[in-house]
Amino acid sequence: MYFDPIFAVLTPDDFLKATVWSLGFTGFFALLALVAFLLKWGFRFRLVGVTGFMIVLTSGLFALSIFPITTTVVPGAVNYSVVYDDGGGQVVITVPQDVTESQLEATLRQAAINKFSPGRLGRDLLIRARTVLHPEPGLSEPLYLGQVTRSLSDADESRFEIEIDRSQLARLADS
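Heads up: these notes are all about the structure in this document. Worth saying up front: this structure is predicted, and the values here are computed from it rather than measured.

What follows concerns the pattern of salt bridges. What the rule picks out here adds up to five salt bridges. Notably, a salt bridge pairs E101 with R166, separated by 2.8 Å at the nearest N-O pair. Here R166 lies in helix α4 (residues 166-174) and E101 lies in helix α3 (residues 101-114), a separation of 65 residues in the sequence.

For the rest of this paragraph, the subject is the packing of aromatic side chains. Going through the model one piece at a time under the given rule, you end up with four aromatic pairs. Residues F28 and F29 carry aromatic rings whose centres are separated by 5.4 Å and whose planes lie at 65° to one another, so their mutual orientation is edge-to-face. A cation sits over an aromatic face here: R44 above F37, 5.6 Å from the ring centre. If you follow R128 out to its NZ or CZ, it ends over the ring of Y144, 4.0 Å from the centre.

A word on the side chain of Q110. With respect to the element layout, Q110 can be found in helix α3. In contact with Q110, other than residues within four places in its own chain, are T72, V73, V74, A77 and Y80.

A few words on the packing of helix α1 (residues 12-38) against helix α2 (residues 44-66). Orientation of α1 relative to α2, taken along the N-to-C sense of each, is 165°, at an axis distance of 8 Å. In this view, α1 runs roughly antiparallel relative to α2, as classed from their interaxial angle. You can see that α1 and α2 cross each other, and the crossing is left-handed.

Core analysis: the largest hydrophobic core is formed by 24 residues, its most contacted members being I93, V99, L104, I127 and L145. Among the elements of the structure, β2 (90-94), α3, β3 (124-136), β4 (139-151) and α4 are those that each provide at least two residues to this core. In terms of residues, this core owes the most to one element, α3, which gives six residues.

For the rest of this paragraph, the subject is the side chain of T131. Secondary-structure assignment places T131 in strand β3. According to the relative accessible area criterion, T131 is buried, its value standing at 2%. There is a polar contact of 3.1 Å between the side chain of T131 and the backbone oxygen of V95. Filtering out sequence-adjacent residues up to four positions away, T131 remains in contact with T94, V95, P96, Q97, E141, P142, L143, L145 and L172.

Before going further, it helps to examine the sheet that holds strand β5 (residues 161-164). Read across the open sheet, the five strands follow the order β1-β2-β3-β4-β5; overall the sheet is mixed. Single-partner strands in this sheet number two, and they are β1 (81-85) and β5. Averaged over neighbouring strand pairs, the angle between their axes works out to 25° when direction is ignored. With four bridges connecting them, β1 and β2 associate as antiparallel partners. From the neighbouring strand, D85 faces β2, where its bridge partner is V91.

Glancing now at unusual backbone geometry. Look at K40: it is not a glycine, yet its phi comes out positive at around 55°. Mapped onto the secondary structure, K40 falls in the loop between α1 and α2.

Structurally, V132 is set in strand β3. As a C-alpha pair, V132 and L172 span 40 residues in sequence and 9.6 Å in three-dimensional space. Setting aside residues no more than four positions away along its own chain, V132 makes contact with Q97, S140, E141 and P142.

Turning our attention to the environment of L121. You can see L121 is positioned in the loop between α3 and β3. Spatially, the C-alpha atoms of L121 and Q90 are 9.5 Å apart, while their sequence positions differ by 31 residues. Non-local contacts of L121, meaning those with residues more than four positions away in its chain, are made with G87, G88, G89 and L152.

Thresholds, definitions, all that
Residues numbered from 1 in each chain as written. Predicted model: local features only at pLDDT ≥ 70, side-chain atom pairs only at ≥ 80, totals over all residues. Heavy atoms only, no water. Salt bridge = Lys/Arg side-chain N within 4 Å of Asp/Glu carboxyl O. Helix = DSSP H or I, 4+ residues; strand = E, 2+ residues; numbered from the N terminus. Phe/Tyr/Trp six-rings, centres within 6.5 Å; stacked < 30°, edge-to-face > 60°. Lys NZ or Arg CZ within 6 Å of the ring centre and 35° of its normal. Contact = heavy atoms within 4.5 Å. Axes fitted to C-alpha atoms, helices over the stretch in contact; angles between N-to-C directions. Parallel < 35°, antiparallel > 145°, perpendicular 65-115°, else oblique. Left-handed = near helix turned anticlockwise from the far one by under 90°. Core = buried A, V, L, I, M, F, W, Y, C linked by side-chain atoms within 4.5 Å. Buried < 20%, exposed > 50% of the residue type's maximum accessible area, 1.4 Å probe, protein only. Polar contact = N/O pair within 3.5 Å; in protein donor to acceptor, adjacent residues only side chain to side chain. Pairing = 2+ DSSP bridges.

Okay, here's the thing in structure tokens:
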């Protein structure tokens, strides 16, 4: 999943302003289409298409002004990549090999906040963190370091069950 950083600087107020402008243009094209029908211009049906497109665009901008595209950054978290997401209750992320226990906990918390969506299937969201070891050339071994579970029916961002496998972290430190 790719996240475009340009949306990180746009606020819901920016999307609301764009919605107002888009609504004005939608009204203009609707009025122009009405005039085109009354005067039987040849491109009147194209104006109906433009008006329909503007309605869809305005609706999307309005939706973004209500529910913006944002991510939460938890202090101490490291960058992670999503390697598996079934759209339901299971997500697997990968973290760097030099991650510490406190960084892992912050990263799991950040992933649980950012991957939460009421539209996911299931009762709980399980996010597992892993890294990949290479004990010898040509051999890769996934190493699961911890997991976080949160309820999909409760949007409270303080109730997480975070489990960190300290034996796997110790094994990571040895390699």
